[in-house]
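Next come the chains, spelled out residue by residue.
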Amino acid sequence: SAVISQKPSRDICQRGTSLTIQCQVDSQVTMMFWYRQQPGQSLTLIATANQGSEATYESGFVIDKFPISRPNLTFSTLTVSNMSPEDSSIYLCSVWGINRDSVSQNIQYFGAGTRLSVL
Amino acid sequence: GESVGLHLPTLSVQEGDNSIINCAYSNSASDYFIWYKQESGKGPQFIIDIRSNMDKRQGQRVTVLLNKTVKHLSLQIAATQPGDSAVYFCAEKYFGNEKLTFGTGTRLTIIP
């Protein structure tokens, strides 16, 4: 299994500021994933972060807006830059980990998320 | 682009009854499907998964059915309980790709 800790759990921020979200995993993993979940919506992948290389961003997401760090195999940060009210969402960190109940013995685990409100 | 979607955004079921949550996917190359449950204030939690070479897989009170002909996935929850109230998401991926694509989600409400 994988235990993921995210900080902060929630925050209220002012327009134009930036917030850095931390994700800590209890085991070493190659890839870490960052998702956005807008209010009442599903999860959308922002980027994949590999240790030692630049993150790979999905269509519609850019590094200037969502810079990501991956300094080691258990930690990553996502920064939401120059925030606007449209950035109000839940941001989730995710990794693949072992699960004996899975047909593939491997599933994607999620942190509890960071609930961001931008005023 | 490819997408995974759901037919029903909300579903209310009487406690003790069975529920069925549906999901349609469009990527014929998808070979792995997974269902998650998300309770308020929490991240998604794994329920059950299935490979494309399977039609059905059962867990504790849950069954996932896969119909590749019509690209349809369903999650059946037997004898629903109040704790089953949550949003349920299906997700898919294809071999060689580590990224999951999520469906739109269904909010299941269990009526006492």
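To be clear, the structure that these remarks concern was listed above.
Our subject in this report is the structure included herewith. (Residues numbered from 1 in each chain as written. Chains lettered and ligands numbered in written order. Predicted model: local features only at pLDDT ≥ 70, side-chain atom pairs only at ≥ 80, totals over all residues. Heavy atoms only, no water.)

1. Re the state of the cysteines
Residues and elements named next belong to chain A. We apply this condition: Note that a disulfide, as used here, is simply two cysteine sulfur atoms within 2.5 Å. A helix here means a DSSP run of H or I that spans at least four residues, while a strand means a run of E at least two residues long, and both kinds are numbered starting from the N terminus. Working definition: with a 1.4 Å probe on protein chains only, accessible area under 20% of the residue-type maximum means buried, over 50% means exposed, and in between means partly exposed.
All told, the structure shown has two disulfides over all chains when counted by the stated rule. Two residues share a disulfide in this structure: C23 and C93, whose sulfurs sit 1.9 Å from each other. Judged by the torsion about the S-S bond (-70°), the C23/C93 disulfide is left-handed. With C23 in strand β3 (residues 19–25) and C93 in strand β9 (residues 89–98), this residue pair connects regions lying 70 residues apart in the sequence. Pair check on accessibility: C23 and C93 agree, each one buried. Of all cysteine sulfurs, the one in C23 lies closest to C13, which takes part in no disulfide; the gap is 18 Å. For C13, a relative accessible area of 7% gives the class buried.

2. Things to note about the interface of chain B and chain A
Put simply, the rule is: We call two residues in contact when some of their heavy atoms are within 4.5 Å. Accessible surface is computed with a 1.4 Å probe, and the buried area is the amount of it that two parts give up when combined, taken over both parts together. Each salt bridge in this description consists of a side-chain nitrogen of Lys or Arg and a carboxyl oxygen of Asp or Glu lying within 4 Å of one another. Polar contacts, as used here, are pairs of N or O atoms within 3.5 Å; protein pairs need one atom able to donate a hydrogen and one able to accept it. Residues neighboring in sequence count only if both atoms are side-chain atoms. Note on residue classes: Ala, Val, Leu, Ile, Met, Phe, Trp, Tyr, Cys and Pro are nonpolar, Asp, Glu, Lys and Arg are charged, and everything else, Gly too, is polar.
Every contact between the two is made by 22 residues of chain B and, on the other side, 24 residues of chain A. Between chain B and chain A, the buried area comes to about 1700 Å², and carbon and sulfur atoms account for 59% of it. Across the chain B-chain A interface, the total number found is one salt bridge. Residues B:K99 and A:E58 are paired through a salt bridge, measuring 2.9 Å at the closest nitrogen-oxygen approach. Across the chain B-chain A interface, the total number found is nine residue pairs in polar contact (both at pLDDT 80 or more). Elements represented by at least two residues in the side of chain B that touches chain A include exactly β4 (32–38), β5 (45–51) and β9 (86–93) of chain B. Of the residues that constitute the side of chain B that touches chain A, the class distribution is 10 nonpolar, five polar and seven charged.

3. Regarding the pattern of salt bridges
Residues and elements named next belong to chain B. For the structure shown, the criterion picks out six salt bridges over all chains. Two residues, E39 and K42, come together in a salt bridge whose shortest N-O distance is 3.6 Å. With its nearest N and O atoms 2.9 Å apart, the salt bridge here joins D84 to R61. Of this pair, D84 sits in the loop between β8 (72–77) and β9 while R61 sits in the loop between β6 (56–58) and β7 (62–67), and the two are 23 residues apart along the sequence. Owing to a relative accessible area of 6%, D84 belongs among the buried residues under this scheme.

4. Re the nonpolar core
The condition is simple: Think of a nonpolar core as a cluster: buried Ala, Val, Leu, Ile, Met, Phe, Trp, Tyr and Cys residues, connected wherever their side-chain atoms sit within 4.5 Å.
Ranked by size, the top nonpolar core spans 45 residues in total, and within it A:Y35, A:I46 and B:F102 carry the most contacts. Per element, the largest residue contribution to this core is six residues, and it comes from β9(A). Setting aside its immediate chain neighbours within four residues, A:I46 contacts A:W34, A:Y35, A:R36, A:T56, A:Y57, A:E58, A:F61, A:F66, A:L78 and A:Y91. Counting residues in hydrophobic clusters, the runner-up holds 20 residues, among them B:L11, B:I21, B:V62 and B:L75.

5. Describing unusual backbone geometry
Geometrically, the link from A:K7 to A:P8 is a cis peptide bond, its omega value of -10° lying close to zero. Looking at where A:P8 falls in the secondary structure, it is placed in the loop between β1 (4–7) and β2 (10–13). You will see that B:R61, though not glycine, has its phi angle at about 65°, which is positive. For B:R61, a relative accessible area of 28% corresponds to the partly exposed category. Positive phi values are uncommon outside glycine, yet B:A79 reaches one of about 45°. Here B:A79 lies in the loop between β8 and β9.

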